[in-house]
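Structure assessment
Below, each chain spelled out in residue letters.
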Amino acid sequence: MQQVCLLTVVSLFVTSAQCKTPGLQTRITDRALEYATEVALDILSKQVTGQQIPDQHGQSGDVKFDITGMNVKQFTKPSSRVSLIQNVGLSWSTSGTGLAIHGDFKYKYRKGIIKISDHGSFDLKANSINFQIKIEIGMDGTGRPTMKAVGCSCNVGSADIKFHGGAAWIYNLFSGQLENTLKDMVGGGNGLLCKQLNTLIDVNGMKSLQKLPVTVQIAKRFLLDYRFLSKPSFQTKFMETYHKGEVYWNAVSVDAPFAAPPLLKSSDTSRMMYIWLSDYVFNTMSYNALKYNQLQYNVTNKDLPSGVLNTTCPQSTCIGKIIKAIGTKFPNTTVMLYMKSTSMPNMTVQNGSTVVNASGDIVFFAQQPGGKYTYFLTLSATMSTTISLMIQNEKVFAKVLKLPISVTVKDSKIPVSPEGLNFIVKGIVSVFVEPKLNELGAAGFPLPVINSVHFTNTQLTVAKDTLLIATDLKYSG
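About the criteria used
- Residues numbered from 1 in each chain as written.
- Predicted model: local features only at pLDDT ≥ 70, side-chain atom pairs only at ≥ 80, totals over all residues.
- Heavy atoms only, no water.
- UniProt positions renumbered as here; feature names shortened; annotations may be inferred.
- Helix = DSSP H or I, 4+ residues; strand = E, 2+ residues; numbered from the N terminus.
- Rg over C-alpha atoms; globule rule 2.2 N^0.38 Å.
- Buried < 20%, exposed > 50% of the residue type's maximum accessible area, 1.4 Å probe, protein only.
- Contact = heavy atoms within 4.5 Å.
- Areas by Shrake-Rupley, 256 points an atom, 1.4 Å probe, with all protein chains shown as cover.
- Polar contact = N/O pair within 3.5 Å; in protein donor to acceptor, adjacent residues only side chain to side chain.
- Pairing = 2+ DSSP bridges.
- Salt bridge = Lys/Arg side-chain N within 4 Å of Asp/Glu carboxyl O.
- Domains from an automatic or database assignment.
- Patch = residues over 30% accessible without salt bridge, like charges linked within 9 Å, V, L, I, M, F, W, Y side chains within 5 Å.
- Lys, Arg positive; Asp, Glu negative; His and termini not counted.
- Charge placed at Lys NZ, Arg CZ, Asp CG, Glu CD.
- Expected span 1.5 Å × (residues − 1).
- Phe/Tyr/Trp six-rings, centres within 6.5 Å; stacked < 30°, edge-to-face > 60°.
- Lys NZ or Arg CZ within 6 Å of the ring centre and 35° of its normal.
- pLDDT = per-residue confidence, 0-100.

An unreviewed UniProt entry annotates the protein as Bactericidal permeability increasing protein originating from Magallana gigas. The UniProt entry for the protein carries this comment under Subcellular location (unreviewed entry): "Secreted". Database annotation for the protein, UniProt heading Sequence similarities (unreviewed entry): "Belongs to the BPI/LBP/Plunc superfamily. BPI/LBP family."

Topic: the overall build of the protein
For the protein, the count of helices and strands is eight helices and 24 strands. Against the globule reference of 23 Å for 477 residues, the protein gives a C-alpha radius of gyration of 34 Å, more extended than a compact globule. Here the C-alpha coordinates of the protein stretch approximately 125 × 45 × 35 Å along the principal axes. Residues classed as buried in the protein amount to 50% of the 477 residues present. If you take every contact in the protein between residues at least 6 apart in sequence, the share linking residues at least 24 apart comes to 68%. Accessible surface, the protein as shown: approximately 22000 Å² in total, 51% of it carbon and sulfur.

Considering the side chain of Thr284
Secondary-structure assignment places Thr284 in helix 5 (residues 279–291). A residue is classified by how much of its surface remains accessible, and Thr284, at 0% relative accessible area, is buried. At 3.0 Å, the side chain of Thr284 forms a polar contact with the backbone nitrogen of Val247. Apart from the residues lying within four places of it in its own chain, the contact partners of Thr284 are Glu246, Val247, Ala256 and Phe258.

Observations concerning the sheet that holds strand 1 (residues 24–29)
Pairing is antiparallel in the open sheet, where six strands are placed in the order 11-12-1-14-24-23. The open sheet is flanked by strand 11 (233–234) and strand 23 (453–463), the only strands paired with a single partner.

Let's talk about unusual backbone geometry
Only a minority of non-glycine residues have a phi that is not negative, and only a minority of peptide bonds are not trans. Here the phi dihedral of Ser128 falls at roughly 55 degrees; this positive angle occurs in a residue that is not glycine. Turning to its location among the elements, Ser128 is positioned in strand 7 (residues 114–139). Of note in the backbone geometry, Asp465 takes a positive phi value of approximately 60 degrees without being a glycine. Take Asp465: its relative accessible area is 14%, and that puts it in the buried class.

Here we look at the UniProt feature "domain: Lipid-binding serum glycoprotein C-terminal" (unreviewed entry) in the protein
Feature annotation in UniProt places "domain: Lipid-binding serum glycoprotein C-terminal" (unreviewed entry) on residues 267–471, given in this structure's numbering. This span, residues 267–471, is 24% helix and 45% strand, and a straight line between its end C-alpha atoms measures 15 Å.

Some points on the pattern of salt bridges
Within this structure, the stated rule accounts for ten salt bridges. Measuring nitrogen to oxygen at the nearest pair gives 3.4 Å for the salt bridge that ties Asp303 to Lys302. With its nearest N and O atoms 3.0 Å apart, the salt bridge here joins Asp361 to Lys410. Of this pair, Asp361 sits in strand 18 (residues 353–367) while Lys410 sits in strand 21 (residues 405–412); the two residues are 49 residues apart in sequence, bridging distant segments of the chain. Owing to a relative accessible area of 9%, Asp361 belongs among the buried residues under this scheme. Connected through shared salt-bridge partners, Glu38, Asp42 and Lys77 make up one network.

Focus on the domain arrangement of the protein
Once the domains are mapped, the protein shows domain 1 (49–209) and domain 2 (254–466). Here domain 1 and domain 2 have C-alpha centroids that lie 63 Å from each other.

Let's talk about the environment of Val462
Among the structural elements, Val462 can be located in strand 23. Separated by 394 residues in the primary sequence, Val462 and Thr68 place their C-alpha atoms 63 Å from one another. When residues no more than four places from it in sequence are discounted, the contact partners of Val462 are Val349, Gln350, Asn351, Gly352, Ser353, Thr354 and Leu467.

Concerning a positive patch on the surface
On the surface, Lys64, Lys106, Lys108, Arg110 and Lys115 cluster together into a patch of positive charge. It is strand 6 (residues 89–111) that contributes the most residues to the positive patch, three residues altogether. Relative to the helices and strands, Lys108 resides in strand 6. Note on Lys108: relative accessible area 59%, which makes it exposed.

As for helix 2 (residues 30–48)
The terminal C-alpha atoms of helix 2, which comprises 19 residues, lie 26 Å apart, in line with the 27 Å expected from a rise of 1.5 Å per residue. Remark: Gly50 follows helix 2 within two positions and exhibits a positive phi of approximately 90 degrees.

Brief notes about the packing of aromatic side chains
Inspection of the entire model under this criterion finds twelve aromatic pairs. When the ring of Phe105 is compared with that of Phe163, the centres are 5.2 Å apart and the planes differ by 85 degrees; the resulting orientation is edge-to-face. On the criterion of sequence distance, the pair formed by Phe105 in strand 6 and Phe163 in strand 8 (residues 145–164) is long-range, its members being 58 residues apart. Accessibility assignment for this pair places Phe105 and Phe163 in one class, buried. Here Tyr274 and Trp276 contribute two aromatic rings whose centre-to-centre distance is 6.3 Å and whose plane-to-plane angle is 35 degrees, an arrangement assigned as tilted. Note on accessibility: Tyr274 and Trp276 belong to one class, buried. Through successive ring pairs, a cluster of aromatic residues spans Phe105, Tyr107 and Phe163. When the ring centre of Phe238 is taken as origin, the NZ or CZ atom of Arg27, which lies over that ring, is 4.4 Å away.

Things to note about the confidence of the model for the protein
In low-pLDDT segments, the atomic positions of the prediction should not be examined closely. Per-residue confidence for the protein averages 87 on the pLDDT scale, and 94% of its residues sit at or above 70. Note on residues 1–18: pLDDT is under 50 here. Beyond four places in sequence and across chains, it has 105 contacts.

What to know about the side chain of Thr241
Tracing the backbone shows Thr241 in strand 12 (residues 238–243). Residue classification places Thr241 among the buried positions, given a relative accessible area of 0%. Engagement of the side chain of Thr241 in a polar contact is seen with the side chain of Thr26, the distance being 2.2 Å. A polar contact is formed between the side chain of Thr241 and the side chain of His243, at a distance of 3.0 Å.

Dropping the structure here:
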C-alpha cells in the first residue's frame, strides 16, 4: 500500500558500498524511521480495524460451538521501535498493542438426555500484544530497491471474553478454549497481525517501491538515471544509499568519459534525510547535450526585442545602426545569429557558490532575397555564470545571479568596433541567453522522491562539487 510510510521512507533511496563514486548519495536517519513507524501504525490501525476474521468451529467436552461474523472493532496503538541491522535492513518491534473483537456465537450442549442450544454475541479484548518483524532491503538486477518481510512473530499477552445472551454456566465450559483459539488467530507468525504486516511489506510495500522514480525524463530528450549502485548500508543511527546520478541521451545509456568527484563528508544526523547531489549530474547532462547537438540555436528577431537584428532602422536602435558596416553592406534586411557551444558547459560547485563556465561561437548571417543567408562574422564567446539554487517541491531550482560574457572576433568580413561588440553582448546575447537560462532553471531538477513524501525544514549547503540537502519529511498519503 502506497500509504505505508515506513516502507515509503525506507524505499526513497536504497543502496550501499559502491564500486564507483555516486552522483547522488542519501542518508535516512533514525529520526525519519521513528516518524515513519508512527505513521505506519496509524495506517496499520485503519487496515486492521474492520478486518473480518474467519469463522471458527470447535468442541469442548459436551459443547459444540460456532463462532461467526467476527471483525476487529478497535486497534490500540503500541509503543514502537525501529533498529538498523548491518548488512540486512530493519527490525521493527512493538509492545502494548490492543485489539477489540466482536462476533456472534451459537452452541449445542448435549449430555445424556439433556440438550441445550442457544446463540448470542461476544466481545473479546486482547491486550499486551507484542510483535517483531525484520525487513530485508536490497536491490534487483535492474537497480530498483527490493524489500521482504522476514521472521514475523507476535505474542498475545492476555485475552478476556464477554458473552451476551444464553446461559452463563455453559459458557464456562468452552470460554477458555475459545479464548485460546482467538489468541492463536491474532498472534503467532501466521496470525492476523503477522499476515497484515507481511502483506504491507511484501505486497503493498513493493507497490510503493515501483512508484519510486529511478529514471526521470528531462525535457523529453534526456534520461536522468537514479538507479542504485549496490545494496544498502546500515549504521547504528542511519542508513546510507548511493545512486548512479548520471544523465543520458534518451535511451542511449553510454557513460560519460569522466567520473563523479568525491562528495562532501558529513556526520550530521539531526535531520530526517540528507541528499548529496554531485555536479557530476549536471555535467553529464552537458556532455550529452553537446554530443547530440543540443547546444545550438538560431537567434532571430522573434527571440529579441522588436527590430534589434534589423540592418536598417531610421528611428530606433538596431545592429545595422550600431555596426554601420552591416547596415551599409546588407541594407533593409535582418541578421540571424547561429549560436553553438564549442566545449561542454561545466558546473563548478565550491565555497558557497555555483558557477557554470561555457564557451562557444556566435556566427552572423544576413538574410538575402529568396531565404538565403550570407555569412559575414564569427565571434568567440566565453561565459561564467553564477547561479543561485533553491529547493522547492522536492526539486532543485536555479536562477542567474551574474552573467558576464566576453567576446572576441574570430573571423570577420566587415570591420567591428569595440562599441559594436559591446552592443552585441549587452543588447543581443545577454538579452537572449539570460532568460533562456532562467527558463531552464525554473523548470526544476527532479529529486527521486515518491509523491506522497514532502520536504520540510529544508537547508541547502553548497560545498566542493556537492549540493547537500538536509531536510525533515512530511507524509501526505
